[in-house]
Amino acid sequence: MNQVATVEKKAQSRGLTAVMAERFQMDPARFVEAIKSTVIKGNVSDGQLAAFLMVAHEYGLNPLTKEVYAFPSNGGIQPIVSIDGWMKMINSHPEFDGMEFQDHVGDGGSLDAITCRIYRKDRSRPTEATEYMAECKRSTEPWNKWPHRMLRHKAAIQCARYAFSFAGIMDEDDFDRMKDVTPRQTVAERMAAARQAQAEDQNQDTQEGFSLSYVHETTATVVDQQAEDIPADDELQNEETPADDAPLHQEDTQQAGDDRNVLAEVADELDRCETPDEVNDVVSKFQEQLNALPENDKATARLKVKEAKARVKGGEA
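So, how was this worked out
- Residues numbered from 1 in each chain as written.
- Predicted model: local features only at pLDDT ≥ 70, side-chain atom pairs only at ≥ 80, totals over all residues.
- Heavy atoms only, no water.
- Helix = DSSP H or I, 4+ residues; strand = E, 2+ residues; numbered from the N terminus.
- Buried < 20%, exposed > 50% of the residue type's maximum accessible area, 1.4 Å probe, protein only.
- Contact = heavy atoms within 4.5 Å.
- Areas by Shrake-Rupley, 256 points an atom, 1.4 Å probe, with all protein chains shown as cover.
- Core = buried A, V, L, I, M, F, W, Y, C linked by side-chain atoms within 4.5 Å.
- Expected span 1.5 Å × (residues − 1).
- Salt bridge = Lys/Arg side-chain N within 4 Å of Asp/Glu carboxyl O.
- Disulfide = S-S within 2.5 Å.
- Patch = residues over 30% accessible without salt bridge, like charges linked within 9 Å, V, L, I, M, F, W, Y side chains within 5 Å.
- Lys, Arg positive; Asp, Glu negative; His and termini not counted.
- Charge placed at Lys NZ, Arg CZ, Asp CG, Glu CD.

## Regarding the overall build of the chain
So, point 1. When helices and strands are tallied, the chain shows 15 helices and five strands.
So, point 2. The buried share of the chain, reckoned over its 317 residues, is 38%.
So, point 3. For the chain, the proportion of contacts with a sequence separation of at least 24, taken over those separated by at least 6, is 59%.
So, point 4. Surface summary for the chain: the accessible area is close to 18,500 Å², and the carbon and sulfur share equals 47%.

## Describing the nonpolar core
So, point 1. Core analysis: the largest hydrophobic core is formed by 50 residues, its most contacted members being Phe-52 and Phe-166.
So, point 2. Ranked by the residues each element gives to this core, the list is headed by helix H8 (residues 147-164), at ten residues.
So, point 3. Ranked by size, the runner-up nonpolar core spans 15 residues in total, among them Val-279, Val-282, Phe-286 and Val-305.

## Describing H8
So, point 1. With 18 residues, H8 should cover 26 Å at 1.5 Å per step; its first-to-last C-alpha distance of 26 Å lies within 8% of that length.
So, point 2. Residues of H8 that are buried: Met-150, Leu-151, Lys-154, Ala-155, Ala-156, Ile-157, Cys-159, Ala-160, Arg-161, Tyr-162, Ala-163 and Phe-164.

## Side note on the environment of Val-39
So, point 1. Structurally, the position occupied by Val-39 is in the loop between helix H3 (28-38) and helix H4 (46-59).
So, point 2. Between the C-alpha atoms of Val-39 and Ala-70, which are 31 residues apart in sequence, the distance is 6.6 Å.

## Here we look at the pattern of salt bridges
So, point 1. Counted by the stated rule, this structure contains 13 salt bridges.
So, point 2. Glu-128 serves as the salt-bridge partner of Arg-117, at 3.0 Å between the closest nitrogen and oxygen. Of this pair, Arg-117 sits in strand E4 (residues 111-120) while Glu-128 sits in strand E5 (residues 127-132), and the two are eleven residues apart along the sequence.
So, point 3. Several salt bridges share partner residues, and in doing so they unite Arg-138, Lys-154, Asp-171 and Asp-173 into one network.

## Regarding the environment of Val-19
So, point 1. Within the secondary structure, Val-19 sits in helix H2 (residues 16-23).
So, point 2. The class of Val-19 is buried, set by a relative accessible area of 10%.
So, point 3. Sequence-wise, Val-19 and His-57 are 38 residues apart; in three dimensions their C-alpha atoms are separated by 9.4 Å.

## Some points on the state of the cysteines
So, point 1. Within this structure, the stated rule accounts for zero disulfides.
So, point 2. Unpaired in this structure, Cys-159 has its nearest cysteine sulfur neighbour in Cys-116, at a distance of 4.1 Å.

## As for a negative patch on the surface
So, point 1. A contiguous patch of negative charge on the surface is contributed by Glu-274, Asp-277, Glu-278 and Asp-281.
So, point 2. One can find Asp-281 in helix H13 (residues 276-285).

## Some points on unusual backbone geometry
So, point 1. Even without glycine at this site, Lys-66 takes up a positive phi of about 65°.
So, point 2. Along the polypeptide, Lys-66 turns up in the loop between H4 and strand E1 (68-73).
So, point 3. Given the relative accessible area of 37%, Lys-66 is considered partly exposed.
So, point 4. Positive phi is not limited to glycine here, since Ser-165 has a value of about 60°.
So, point 5. Within the secondary structure, Ser-165 sits in the loop between H8 and helix H9 (172-181).

## Quick look at the environment of Glu-95
So, point 1. Structurally, Glu-95 is set in the loop between helix H5 (83-92) and strand E3 (96-105).
So, point 2. When the C-alpha positions of Glu-95 and Phe-164 are compared, they lie 8.9 Å apart, and in sequence the two are 69 residues distant.
So, point 3. When neighbours within four sequence positions are excluded, Glu-95 is seen to be in contact with Tyr-119, Arg-120, Lys-121 and Asp-122.

See below:
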């Protein structure tokens, strides 16, 4: 812990570039030149380079060995972590306590899915994620040559996100999928959109919030194929949040981390649920924290609840 604090203090006083260059025993100018010429694809600004180095420093990844690299994206930059980088983050996490995989083979002998389980020293049950070949496979050379290996990588990466709340990074395969689906927004654009939405909410008497009845209604077609009647008093109430036009400070970063921790904890408890009632109990337990999440995170939480209810309902059949 003292070593981490020392590195952070050095980064603040001398600049992150100098600190990272010293780590690799390189001159800062030559270090920047090496990063720009080998690690980041395309021309980048000083701001984009700084954002990339912050991510590499945060997760302890080595850009020069391609554990992490980046693509300029829509005015910002997207850090891409290779499978070697993901394994380094997983294995170096202080709470990591092992990983295992389970193949799901269909009647014809083909690999349909792979489940990854990650064990943490501070949790009694493993975190698991299942990735399906039908959803993940793409018509690219790696997938055509090594479909089983690629699917195992996808399962490990997704499970690591749940187990350790890794954020702001992705693998190249996911980055290519995102480019195919929708234009990516920079962090500044997302924050501007969030502020605008918050300002619009101030003109309304109430805000939507994370409603338990909404969860029941949106999962009814998947779980029971019929509408569920949820009492009005199960609705979660929101308090209006004052508009804040001030620049982002350390508190914003801390709040974003707290939001990720809430999502990770909810996902972990949902993974343990075995009945629809247990799923509802988890929602009720965390309703206050969920209620305070940004809209994007609320949508993510609703999706996790929906998946959990579908899973436990299938287990009862």
